[in-house]
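One letter stands for each residue in the lines below.
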Amino acid sequence: KGERVFLRGIRSAEYSLQDELRRIRSLSRVVRARDLPWHGNGPQFWNKWLLEPDMGGVQSLQSHMEVLVPGGRSQKHGHQNEALLYVLDGRGYDIHDGARYDYEAGDLLIVHNGCVHQHFNADDKHPLRVLVIKSKPLFMFMNLIFQRTIEPRPKTPVPGWERWKPEE
């Protein structure tokens, strides 16, 4: 796929606000998430990009879905942008700068700017599904690009993980 695009380039000779407005308004306002691929990060964590600037429809938002298998966890990481995590299914917890925050389906979790955090599925029988929404492209535009992985995603499978792997 090449390099990730956080903001689409604007070339003055090829760009007009009216043309861009027409282009954006002509795009579908419905994203068919079922048609988008899961990224096989596994075996404990999967990610599906739903919305980001290189998809062409937005400039300032980024959204993705995460699935953690029962008992699974994500990488431990930090970034400058805030994030909202809406819990679709399951129950889990996050560790933010050493403090634990428990949540379940229907809850909204806020990750504050600069917070070192990690996501955990607290259920050993059901997957955890979370919708993530953030304004990361705006932070990239302002050159606020600090992001760091403190501890990578686990490479060891949780027993029975194959059962919960999302369809590719």
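Remember, predicted model here, so these are calculated numbers, not experimental data.

Visitor: Help me get a handle on the overall build of the chain, residues and values and all.
Guide: Within the chain, the regular secondary structure consists of 2 helices and 10 strands. The order of helices and strands in the chain, counted from the N terminus, is α-β-β-β-β-β-β-β-β-β-α-β. Counting all 168 residues of the chain, 37% fall into the buried class. Residue pairs in contact within the chain that sit at least 24 positions apart in sequence constitute 69% of those at least 6 positions apart.

Visitor: Any chance you could break down the packing of aromatic side chains for me, citing the residues and the numbers?
Guide: Enumeration over the complete set of coordinates arrives at 1 aromatic pair. Measuring from ring centre to ring centre gives 4.7 Å for Tyr 93 and Phe 120, while their planes differ by 5°; the resulting arrangement is stacked. With Tyr 93 in strand 5 (residues 91-96) and Phe 120 in strand 8 (residues 116-121), the pair connects residues that are 27 residues apart, well separated along the chain. With respect to class, Tyr 93 is no different from Phe 120; both count as buried. In this structure, Arg 100 is placed above the aromatic ring of Tyr 93, and the distance from its NZ or CZ to the ring centre is 3.6 Å.

Conventions adopted
- Residues numbered from 1 in each chain as written.
- Predicted model: local features only at pLDDT ≥ 70, side-chain atom pairs only at ≥ 80, totals over all residues.
- Heavy atoms only, no water.
- Helix = DSSP H or I, 4+ residues; strand = E, 2+ residues; numbered from the N terminus.
- Buried < 20%, exposed > 50% of the residue type's maximum accessible area, 1.4 Å probe, protein only.
- Contact = heavy atoms within 4.5 Å.
- Phe/Tyr/Trp six-rings, centres within 6.5 Å; stacked < 30°, edge-to-face > 60°.
- Lys NZ or Arg CZ within 6 Å of the ring centre and 35° of its normal.

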